[in-house]
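Analysis of the macromolecular model
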Amino acid sequence: MTTHFAEVLARESACLAGVTDRAKLADWRRRVVEELMTPSSPYVSALHQPDDLRARAAFLDQWRELIAEAVDRLLRPGPGPTGDRRGMPDQPCGADADAQKIAVLILAALQGGSTLSRIARDPRPLNAALDLAFVPFTATEGNLPDGERSAR
Amino acid sequence: MTTADSQNGKRLTARGAKTRARIVDAAADLMYVKGVGTTTLDDVLAASGVSKSQLYHHFEGKDALVRAVVDHVGERVIERERRALGRVSTIRGLRRWRDALVQNSALQHGAYGCALGSLAGEVSDHDALARHTLSRLFTEWQGLLSGVLRRLQDRGVLPAEAPIDQLATGLMAALQGGYLLAQTARDVTPMATSIDMALAHIESLSAG
């Protein structure tokens, strides 16, 4: 696998494993936005360099799965990060359907948001994209998401 | 259609305009299917059937041609979106807009993506002029989505404090990212999921 794919996956697998609450999710997001706004970052090559389609598809699948597991952990009510997963013996790392769908939107937000941010040379579109994707984690009853959408 | 050339101070005869349009059409099709980077001027010559001297009469090089393609594709996409979104004022109407885009993409198994988005992915780095034009076009497109969300807000479907322009940007990013995921997967499903989730998140703001 091409090096920038491998490097991003190694970093993401370490970082996302540590996402056990909303504050850590916000930290993860801040870090990824920073990477995507740095032209020389392997994250930018991984998402925006024309590459072998199959390698790229495998990379996106694996990243989405890592995001889905983190999302699943945060959405799952219960004792916490060490939540009991014995109920799903056939899917040792299978996040549930809602978490999978949110992960698709988060990945699309990273991909589409960074495209818009690159042509605008402005991180705001990417942040707006992530605000919308993170609504389940920021909206509490009657409250609108107030993430970092206005952060420059 | 003749703006770029009139900016260069050239006056086009009807036949010249036709030739120029033929070149731009062929280049737009090639760049959509093959990508901007891998499309050569020789490809464009072969596909349009014009001569090399005709091509260089209208465009001094590939960058100039790419800019003309951006203008042409942008005009077409904005026109299509204005027709699709200009009067939408319901979530249901937004879903119909989503259905049309997803179904069009499904016809090609998602393979080619958004005509404007693919250009954005490829030209943004090395051509500031094309990048500015693309940025302006996306702002215009997002403005159409903002219009829809504002009408939803006026009707009380979205709360008064909803950040309309940012939601529109988020929806555009979900659409563009969805296109790119579908393109990579050669399957339209992630595009459908991405827009559906974005719309569901927007709708959930009204439930508060």
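Residues numbered from 1 in each chain as written. Chains lettered and ligands numbered in written order. Predicted model: local features only at pLDDT ≥ 70, side-chain atom pairs only at ≥ 80, totals over all residues. Heavy atoms only, no water.

Chain B carries the name TetR/AcrR family transcriptional regulator in an unreviewed UniProt entry, which gives Streptomyces spinosisporus as its organism.

As annotated in an unreviewed UniProt entry, chain A carries the name TetR family transcriptional regulator and comes from Streptomyces spinosisporus.

**A look at the overall build of chain B**
Looking only at helices and strands, chain B features 10 helices and 0 strands. Listed by position from the N terminus, the elements making up chain B come as α-α-α-α-α-α-α-α-α-α. For chain B, the proportion of its 208 residues judged to be buried stands at 53%. Within chain B, contacts between residues at least 6 apart in sequence are counted, and of these 68% link residues at least 24 apart. Per element, the accessible surface of chain B, about 9700 Å² overall, is 50% carbon and sulfur. (Helix = DSSP H or I, 4+ residues; strand = E, 2+ residues; numbered from the N terminus. Buried < 20%, exposed > 50% of the residue type's maximum accessible area, 1.4 Å probe, protein only. Contact = heavy atoms within 4.5 Å. Areas by Shrake-Rupley, 256 points an atom, 1.4 Å probe, with all protein chains shown as cover.)

**Quick word on the interface of chain A and chain B**
On the chain B side, the residues contacting the 30 residues of chain A number 39 residues. Summing both partners gives a buried area of about 2900 Å² for chain A against chain B, and 74% of it is carried by carbon and sulfur. For the interface between chain A and chain B, the tally reads 0 salt bridges. Between chain A and chain B we count 3 residue pairs in polar contact (both at pLDDT 80 or more) in total. Elements with a contribution of two residues or more to the side of chain A that touches chain B: α4 (53-75), α5 (97-120), α6 (124-133) and α7 (135-138) of chain A. Within the side of chain A that touches chain B, the residues separate by chemical class into 20 nonpolar, 5 polar and 5 charged. (Buried area = accessible area lost by both parts, 1.4 Å probe. Salt bridge = Lys/Arg side-chain N within 4 Å of Asp/Glu carboxyl O. Polar contact = N/O pair within 3.5 Å; in protein donor to acceptor, adjacent residues only side chain to side chain. Nonpolar A, V, L, I, M, F, W, Y, C, P; charged D, E, K, R; others polar.)

**A look at the nonpolar core**
Of all hydrophobic cores here, the largest spans 110 residues; its most connected members are Trp28, Trp63, Ile67, Ile106 and Leu110 of chain A together with Trp141 of chain B. A domain split of this core shows at least three residues from each of domain 1 (1-60) and domain 2 (70-206) of chain B. With sequence-adjacent residues up to four places away left out, Trp141 of chain B is seen in contact with Val77, Ile78, Arg80, Glu81, Leu85, Cys114, Leu116, Met172, Leu175 and Gln176 of chain B. (Core = buried A, V, L, I, M, F, W, Y, C linked by side-chain atoms within 4.5 Å. Domains from an automatic or database assignment.)

**Details of the packing of aromatic side chains**
All names here are of chain A. Applying the stated rule across the entire model yields 6 aromatic pairs over all chains. Between Phe5 and Phe59, the ring centres sit 4.7 Å apart and the planes meet at 25°, which makes this aromatic pair stacked. Of the two residues, Phe5 is situated in helix α1 (residues 3-17) and Phe59 in helix α4; the sequence distance between them amounts to 54 residues. An aromatic cluster of at least three residues, connected via ring pairs, comprises Phe5, Tyr43, Phe59 and Trp63. Here the basic side chain of Arg29 rests over the ring of Phe134, its NZ or CZ set 5.6 Å away from the ring centre. (Phe/Tyr/Trp six-rings, centres within 6.5 Å; stacked < 30°, edge-to-face > 60°. Lys NZ or Arg CZ within 6 Å of the ring centre and 35° of its normal.)

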